[in-house]
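This is what each chain is made of:
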Amino acid sequence: MRDGQVAMLAGTVALALLAGALGFQYLGHLAPCEMCHWQRWPHIGAAIVGLCGTQMFKKETRLLAVIVLLLVAVSGLIGAYQQGMQWHLLPGPTARTGQRFVMGSNIVPVVQCDVVTWQLFGLSLAGYNAIISLATAAIGTSLLVKNRK
């Protein structure tokens, strides 16, 4: 797999995770906390760089792939931190509550980052983001290293 393909694949994974988060927010009516938003920003950057940047800058695909994989890993690390905070293994930020408006609602929910609103097999959405993002970054990095040889 070429470097540009690695960047595009990781950007696609980031876009899928972002779409999933927005689906849970707007279709599943789960309001995001502040740390949920922190996890989304790197995915937005990774999707833009991975899907658009590789088409615009065809000679810099290795650099773009590295940037995309770093952005995906950052989101995964934030998700891992939030999952650890939700399990009460790690301290949370001092301002861990925030108000977020949910489209189509007149209610402004107060969402705490350390409270799990949805889980499956003991993992919250932050935990699944961590697993998928960090696995994507690890696989993409191994592919880049393999390409270098």
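Chemist: Just to check I follow, could you spell out the overall build of the protein chain for this structure?
Modeler: Helix and strand content of the protein chain: 4 helices and 4 strands. What you see in the protein chain, going N to C, is helices and strands ordered as α-α-α-β-β-β-β-α. Expressed as a percentage of its 149 residues, the buried residues of the protein chain come to 38%.

Chemist: Help me understand the environment of Leu 18 in this model?
Modeler: Its place among the elements puts Leu 18 in helix α1 (residues 3–26). In sequence terms Leu 18 and His 43 are 25 residues apart; their C-alpha atoms lie 6.5 Å from each other. Setting aside its immediate chain neighbours within four residues, Leu 18 contacts Arg 40 and Ile 44.

Chemist: Which parts of the structure should I look at to understand helix α3 (residues 61–86)?
Modeler: Note: α-helices contain 3.6 residues per turn, so residues at a spacing of three or four share the same orientation. Between its terminal C-alpha atoms α3 stretches 37 Å, which fits the 38 Å expected from 26 residues at 1.5 Å a residue. Two residues or fewer past α3, His 88 is found with a positive phi of approximately 65°.

Chemist: Help me out: how do you make sense of the side chain of Ser 124 in this one?
Modeler: Position of Ser 124 among the secondary structure elements: in strand β4 (residues 123–124). In terms of polar contacts, Ser 124 uses its side chain to reach the side chain of Gln 86, at 2.6 Å. Residues in contact with Ser 124, not counting those within four places in the same chain, are Gln 83, Gln 86, Val 116, Trp 118 and Gln 119.

Chemist: What is the right way to look at the environment of Ala 65 in this model?
Modeler: Tracing the chain through its elements places Ala 65 in helix α3. Residue class for Ala 65 comes out buried when judged on its relative accessible area of 0%. Ala 65 sits 11 residues away from Thr 54 along the chain, and the two C-alpha atoms are 8.4 Å apart. If we ignore the near neighbours within four places in the chain, the residues touching Ala 65 are Asp 3, Ala 7 and Leu 144.

Chemist: Would you mind going over the pattern of salt bridges with me for this structure?
Modeler: Pairing between side chains becomes possible if they bear opposite charge and their charged atoms approach one another. This model, assessed by the stated rule, comprises 1 salt bridge. Of the charged contacts in the structure, one is a salt bridge between Asp 3 and Arg 62, with a shortest N-O distance of 3.0 Å. Pair noted here: Asp 3 is in helix α1 and Arg 62 is in helix α3, with a separation of 59 residues, a long-range link. On the accessibility criterion, Asp 3 (13% relative accessible area) is buried.

Chemist: Whenever I open this one, a nonpolar patch on the surface confuses me. Can you help?
Modeler: On the surface, a nonpolar cluster with roughly 420 Å² of combined accessible area is contributed by Tyr 81, Trp 87, Leu 89 and Leu 90. For Leu 90, the location among the structural elements is in the loop between α3 and β1 (97–99).

Definitions and limits used
- Residues numbered from 1 in each chain as written.
- Predicted model: local features only at pLDDT ≥ 70, side-chain atom pairs only at ≥ 80, totals over all residues.
- Heavy atoms only, no water.
- Helix = DSSP H or I, 4+ residues; strand = E, 2+ residues; numbered from the N terminus.
- Buried < 20%, exposed > 50% of the residue type's maximum accessible area, 1.4 Å probe, protein only.
- Contact = heavy atoms within 4.5 Å.
- Expected span 1.5 Å × (residues − 1).
- Polar contact = N/O pair within 3.5 Å; in protein donor to acceptor, adjacent residues only side chain to side chain.
- Salt bridge = Lys/Arg side-chain N within 4 Å of Asp/Glu carboxyl O.
- Patch = residues over 30% accessible without salt bridge, like charges linked within 9 Å, V, L, I, M, F, W, Y side chains within 5 Å.
- Areas by Shrake-Rupley, 256 points an atom, 1.4 Å probe, with all protein chains shown as cover.

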